[in-house]
Every structure is written in structure tokens, then in C-alpha cells.
Amino acid sequence: MADLSVKICGVDFKNPIIPASGVFGYGREYEELFPLNKLGGIATKGTTLHLRTGNPAPRIAETPSGMLNSVGLQNPGIDHFISSELPYLLTKDLVVLANIAGSTVEECVEVAEKLESTDVHMIELNISCPNVKQGGAAFGTRCDMAAEVTRQVRKVTSKPLVVKLSPNVTSITEIAKAVEAEGADAVSLINTLLGMRIDINTRRPVLRNNVGGMSGPAVFPIAVRMVWQTANAVKIPIIGMGGVSSGKDAIELMMAGASAVQVGAAIFTDPFAPVKIIDEMNDILDSKGISSVGEIIGSVQPW
Ligand SMILES: Cc1cc2nc3c(=O)[nH]c(=O)nc-3n(C[C@H](O)[C@H](O)[C@H](O)COP(=O)(O)O)c2cc1C
């Protein structure tokens, strides 16, 4: 048995596998399938200040080797999360990353402030949402906005702050450096890539929101490239994700520079994917005589 444990920002994970935000709810439904404590951690559904009902349906569509979603941050709001979801998760032996979001810097700050008095282990700040005060451009698509929201959230939280980056940018490394400079303890990437499909019979987009976020196996090479570029640009740890569906994928993303790996869309095709990935990683490391997963982080040998 290889040692799968990793430490990120001083937080111990028993293994590096974490269901990604938005595909695992708060874990309750999955606990019926396997004990949650098999997981290294859980990134909870993106939580905003107030309840959101999300976008109108249809808001999910299949694509070759992937999916599009425009769920639109449907969630019960931070007060419900703190009173009714977080206490349950904190009884489990795993790291809880509270994924938070907002339409303004002030909203993100207020959500983070509310978490300060809880025992949540880490905050994952999703900066892919539109900033309504900047014409709806996503915070994570401009260095100045990414820096500003990180700076203001940093001021109100003593929790390890993981800033989750958007891949819909020209230079992922410039954004990563901007949030590192403002006190992010780690970055996670990638969020979904903006996509669109059209029904040729109705000439309507398949998503009611017209556009949506693309994820799943088709985006994996983009995730590997962005994690690798980011690992070469910042000193803080990286939590990688995007299209991971096997233990081999997880090891590849760690070789690119990720210290831990989140699993998203793969959970929709196989709800047991995270636990299978943990077992597969262990088998691969054993077969290669690697005693600790830490040895592979950033171990790619570029040409
Ligand atoms: C249905 C769905 C809902 C999502 N909701 C969130 C969310 O609330 N917050 C967030 O930061 N990312 C959200 N994501 C993005 C995922 O966490 C992940 O970054 C992305 O899907 C790439 O990983 P994957 O290819 O393994 O799915 C969502 C993704 C999907 C498919």
C-alpha cells in the first residue's frame, strides 16, 4: 500500500482525491453508496450569500466525451449551509472545502466572514462568476478583478484560502500570480470552459442559458497544460481538476504539478469514480514501486 497522504496549506488529506464542487452536493446521497471517509476531502456546492434557484432548464447537455452545464449556482445560501450541511460533513473524517461565490466582491467577503467562526477546514473561492459591478465579466478573467476579490476575502478569513481559477483566459499564469500576490494560499483549476451547442431542427441553443460550462474527459489535456503552466509560475500548491476519470489521469495531473485532484463530471457517469480512482492510484504506485504519492507531484520531465 503506497502512502497516499498529502498536506496542503498545513491541512492533512488522507489521500489526494476530492469530489469537485457542484457534482457531489454535500455528500449525503453518496454516503448511501460508500463511506465518505474514504475520500481525501469534499468541495461543497458553490454557496452564495442568499438562496439561488439557478438558471431555467434545460441546463445540462451531453457533448462528445463531456458535458455542458448552466446550473447557475443553485444553492440554499450560506446560513443554511452553516446550520444544516456543514455540521454533518464535519462529523466525517475528511477535509471540507467550502466553495463560495458571489456577484460582487462584497458578497464574497460576507460569505467568507460567515465561515470564519465555523470549523470548516478550507475556503475555495470560485472566481468564475460574473461580477455585476463590472458589466458581468467573470472575476477570474481579469487580473485586477481576480486580485481585488482575493485581497478583500483574504482580509476577513484566517482559513486556508484556495482560489479556484477560470480557464477562460488568455494567460492562466498571470491570473494565478495575481491571486498569489494577494495572499491566496493555493489555487485550484480548472473550472469549466465556456461552450455552446445548437439544436439544428429548432435552431435553438440546447441550453436555456444559450451558453454553459464544458467539463468531462474532453477537457483533460487542457487541465494538464494549465496545471503544468501554473506550477511553473507560482510557489503555492495547486489542486488540479478537469476531466479526471481514472487513477492514471489523477497521477498524470499530479505529475503536472497538482498536490491533490478533484473529480467532477466523472461522478455523473459512475458515482463510485472517486473511490475507484483512489484504488487505481494505489495500484499504479505499487506497480511502479513508488512508496509515497508525494514523490510524483510536479515530477514531469519536460523535453
Ligand atoms: C453540474 C456542475 C456544477 C458545478 N458547480 C460548480 C460550483 O458550484 N462551483 C464551482 O467552483 N465549480 C462548479 N463546477 C465545476 C467543477 O467543480 C469542475 O471545476 C469542472 O467541472 C471541471 O472538472 P470535471 O471535468 O472533472 O467536471 C460545476 C461543474 C458541473 C459539471
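Coordinates for the structure precede this section.
Residues numbered from 1 in each chain as written. Predicted model: local features only at pLDDT ≥ 70, side-chain atom pairs only at ≥ 80, totals over all residues.

**Student:** Lay out the overall build of the protein with the relevant residues and their values.
**Tutor:** Broken down by element type, the protein carries nine helices and 16 strands. Dimensions along the principal axes, computed over C-alpha positions, put the protein at roughly 50 × 50 × 45 Å. Expressed as a percentage of its 303 residues, the buried residues of the protein come to 51%. Put simply, of all contacts in the protein between residues at least 6 apart along the chain, 71% involve residues at least 24 apart. (Helix = DSSP H or I, 4+ residues; strand = E, 2+ residues; numbered from the N terminus. Buried ≥ 20, exposed ≤ 12 C-beta atoms within 10 Å, placed from the backbone. Contact = placed C-beta atoms within 7 Å.)

**Student:** Run through the site of the ligand, naming residues and quoting values.
**Tutor:** Of all residues adjacent to the ligand, which total 25 residues, the nearest are A20, G22, G46, S215 and G264. Its residues assigned to classes, the shell around the ligand shows ten nonpolar, 13 polar and two charged. (Near = placed C-beta within 6 Å. Nonpolar A, V, L, I, M, F, W, Y, C, P; charged D, E, K, R; others polar.)

**Student:** Pulling in residues and values, what's your account of helix α4 (residues 143-156)?
**Tutor:** Owing to its 3.6 residues per turn, the α-helix brings residues three or four apart onto one side. In this model α4 runs 21 Å from its N-terminal to its C-terminal C-alpha over 14 residues, within 8% of the 20 Å that 1.5 Å per residue would give. Every buried residue belonging to α4 is among M145, A146, A147, V149, T150 and V153, and all of these are buried. On the buried face of α4, the contacting elements are α3 (105-116), β8 (122-126), β9 (161-164) and α5 (172-181). (Expected span 1.5 Å × (residues − 1).)

**Student:** Provide a residue-level description of the packing of helix α7 (residues 247-256) against helix α9 (residues 273-287), including the pertinent values.
**Tutor:** Close contact between α7 and α9 brings their axes to 7 Å; oriented N to C, the two are set at 70 degrees. The pairing of α7 with α9 is recorded here as roughly perpendicular in orientation. As for how α7 packs across α9, the hand of that crossing is right-handed. On the side of α7, the interface is formed by G247, K248, A250 and I251, while α9 contributes I277, E280, M281, D283 and I284. For the contact of α7 with α9, the per-class residue count stands at five nonpolar, one polar and three charged. (Axes fitted to C-alpha atoms, helices over the stretch in contact; angles between N-to-C directions. Parallel < 35°, antiparallel > 145°, perpendicular 65-115°, else oblique. Left-handed = near helix turned anticlockwise from the far one by under 90°.)

**Student:** Hey, could you go over the sheet that holds strand β16 (residues 260-263) for me, with residue numbers and the actual values?
**Tutor:** One open sheet holds the eight strands; their spatial order is β3-β16-β15-β10-β9-β8-β7-β4, and the pairing between them is parallel. Where the open sheet ends on each side, the last strands, each with one partner, are β3 (17-19) and β4 (41-43). The sheet shows a mean angle of 25 degrees between the axes of neighbouring strands, direction not considered. The pairing of β9 with strand β10 (residues 186-189) spans three bridges and is classified as parallel. Pairing of K164 across the sheet is with S188, part of β10. (Pairing = 2+ DSSP bridges.)

**Student:** So what's going on with unusual backbone geometry? Which residues, and what values?
**Tutor:** In this structure, the amide linkage connecting A57 to the following residue, P58, adopts the cis form with an omega of -5 degrees. In this fold, P58 is placed in the loop between β4 and β5 (60-63). Look at the link from L189 to I190: it is a cis peptide, with omega at 15 degrees. Even without being a glycine, R203 presents a positive backbone phi close to 60 degrees. On the secondary structure map, R203 appears in the loop between β12 (198-199) and β13 (204-205).

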